[in-house]
Amino acid sequence: MFAKLEGLEKKYMELEKSLSDPDVYSDQDQFRKLSKAHADLKDVVELFRKYRSIKTQIEENRQLLHDPDPDIKAMAQEELHELEEELPKIEYQLKVQLIPKDPLDEKNTILEIRAGTGGEEAALFAADLFRMYSRYAELKGWKVEIMSESPTEAGGYKEIICLISGDKVYSHLKYEAGAHRVQRVPVTETQGRIHTSAATVAVMPEAEEVDVDIRPEDLKIDVYRASGAGGQHVNKTESAVRITHIPTGLVVTCQDERSQHKNKARAMKVLASRLLSLEQERQSSEQAADRRAQVGSGDRSERIRTYNFPQGRCTDHRINLTLYSLDRIMEGEIDPLLEALSQAAQAEALKAEASV
């Protein structure tokens, strides 16, 4: 591990030297590329330097334990105790930093939320989830763009698809895929009984042209007239688009824009991300089952979380975490959940590395 860290530090110093070269600075594309590589290494190199500094301080304090002055010996003993407690924590953080990064973590995310079992209450819950993720995006300074939506008359969603753009969106949201269950008294319930409903969430990294190869001959494209909820706002032109990917059978529809070209572009973006997600699932199925079990495979049929409104409780079943702050969670404060899931994934990854 330490040989690898020394190699990273050497690379970091070489990048620093290159960035100070006027020739590199004059080539802005090259400068941006090297700046990103330098920034990517900064945390791990600074952590390694801190680790090395603590090791040096430990050795110095051990030497001071032999000092004839009792006050110096006492101070050295106290500081040594603190440093020896801190060192394993830094070492663990270094191991986490060396876990291979998911190349998709940097990407924007396409989020699909669909009402599951529970009728209109499930559709209302789907709308609540969309609001929760939208508020979270707002707190992070991200942008949310609705790609497609199928609203219900009561204000819920049968389905809503959005693109969330910002810094490392996928790295934050990738563990949200699965079935989300809600337990509460629906607004339509006259006797105060608690109902259980569900909505599914799919999380896909936004695909770029280099990520997937979509051949025109593999597509069947249909156009038709768009219609709104309850038959309102019917479009009199054939602007809605349905794209079928023949090899996989994937179907994507988009009718939110008045322009057929815009609807087609949006549908193609969603299709590309779904195809990339399919490839991800194929690759993940080849990995060890015990590594996937901790944080879930992202299978939409998995019940990953329960939102219990009467008790103000939110439970993530994959890591057995229960938080009694449901009101804040529904307002987008989901970082405690996401950070716990990320830490569980890191622990599993370290376990897998150790067993190799």
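Predicted, not measured: the structure shown is a model, and the values here were computed from it.

If you tally the helices and strands in the protein chain, you get 10 helices and 11 strands. A sequence separation of at least 24 residues applies to 61% of the contacts in the protein chain between residues at least 6 apart. Just so you have it, the protein chain exposes about 20100 Å², and 49% of that area is on carbon and sulfur atoms.

Time to look at the pairing of strand E3 (residues 157-165). Burial analysis of E3 places 7 of its 9 residues in the buried class, which makes it a mostly covered element. Sheet topology places strand E1 (residues 109-115) next to E3; 6 bridges connect them, and they run antiparallel. What sits directly across from Glu112, in E3, is Ile161. As judged from the 8 bridges shared by strand E2 (residues 143-151) and E3, these two strands associate in the antiparallel manner. Paired with Ser148 across the bridge in E3 is Ile161.

Applying the stated criterion across every chain yields a total of 5 aromatic pairs. Geometrically, the ring pair formed by Phe2 and Tyr51 is stacked, given 5.3 Å between the ring centres and 25 degrees between the ring planes. Of this pair, Phe2 sits in helix H1 (residues 2-19) while Tyr51 sits in helix H3 (residues 28-64), placing them 49 residues apart in sequence. Judged by relative accessible area, Phe2 falls into the partly exposed class, the value being 32%. Geometrically, the ring pair formed by Phe130 and Tyr157 is edge-to-face, given 6.0 Å between the ring centres and 80 degrees between the ring planes. Here the residue Phe130 occupies a position in helix H5 (residues 119-140), and Tyr157 occupies one in strand E3, the gap between them amounting to 27 residues. Assessed through its relative accessible area of 12%, Phe130 is described here as buried. Between Arg52 and the ring centre of Phe48, over which it is positioned, the NZ or CZ distance is 4.7 Å. In this structure, Arg184 is placed above the aromatic ring of Phe309, and the distance from its NZ or CZ to the ring centre is 4.9 Å.

Ordered in space as E6-E7-E8, the 3 strands form an open sheet in which the pairing is antiparallel. With one partner strand each, in any of the chains shown, strand E6 (219-224) and strand E8 (250-254) form the two edges of the open sheet. Mean inter-strand twist for the sheet, computed between neighbouring axes without regard to direction, equals 15 degrees.

Below, the discussion takes up the pattern of salt bridges. Evaluated as defined, the whole model comprises 29 salt bridges. Across the pair Glu9 and Arg52 runs a salt bridge, and its minimum N-O distance is 2.7 Å. Taken together, the residues span a long stretch of sequence, with Glu9 in helix H1 and Arg52 in helix H3 at a distance of 43 residues. Judged by its relative accessible area of 10%, Glu9 falls in the buried class. A salt bridge links Asp29 to Arg32; its shortest N-O distance comes to 2.7 Å. With Asp29 and Arg32 both in helix H3 and 3 residues apart, this pair spans about one turn of that helix. Accessibility expressed as a relative area gives 55% for Asp29, which makes it exposed. Bridged by salt links that share partners, the residues Glu112, Arg114, Glu159 and Arg274 form one connected network.

This brings us to the confidence of the model for the protein chain. Here the protein chain averages 86 in pLDDT, and 90% of its residues register 70 or above. Low confidence marks residues 287-301, where pLDDT is under 50. Its contacts with residues over four positions away, or in another chain, come to 30 contacts.

A few words now on the sheet that holds strand E10 (residues 313-316). Within the open sheet, the 8 strands sit side by side as E2-E3-E1-E5-E4-E9-E10-E11. Their pairing is mixed. Edge strands, defined here as strands with exactly one partner in the open sheet, are E2 and strand E11 (321-323). Neighbour-to-neighbour, the strand axes of this sheet turn through a mean angle of 15 degrees, independent of strand direction. Pairing between E10 and E11: 3 bridges, direction antiparallel.

Criteria and thresholds
- Residues numbered from 1 in each chain as written.
- Predicted model: local features only at pLDDT ≥ 70, side-chain atom pairs only at ≥ 80, totals over all residues.
- Heavy atoms only, no water.
- Helix = DSSP H or I, 4+ residues; strand = E, 2+ residues; numbered from the N terminus.
- Contact = heavy atoms within 4.5 Å.
- Areas by Shrake-Rupley, 256 points an atom, 1.4 Å probe, with all protein chains shown as cover.
- Buried < 20%, exposed > 50% of the residue type's maximum accessible area, 1.4 Å probe, protein only.
- Pairing = 2+ DSSP bridges.
- Phe/Tyr/Trp six-rings, centres within 6.5 Å; stacked < 30°, edge-to-face > 60°.
- Lys NZ or Arg CZ within 6 Å of the ring centre and 35° of its normal.
- Axes fitted to C-alpha atoms, helices over the stretch in contact; angles between N-to-C directions.
- Salt bridge = Lys/Arg side-chain N within 4 Å of Asp/Glu carboxyl O.
- pLDDT = per-residue confidence, 0-100.

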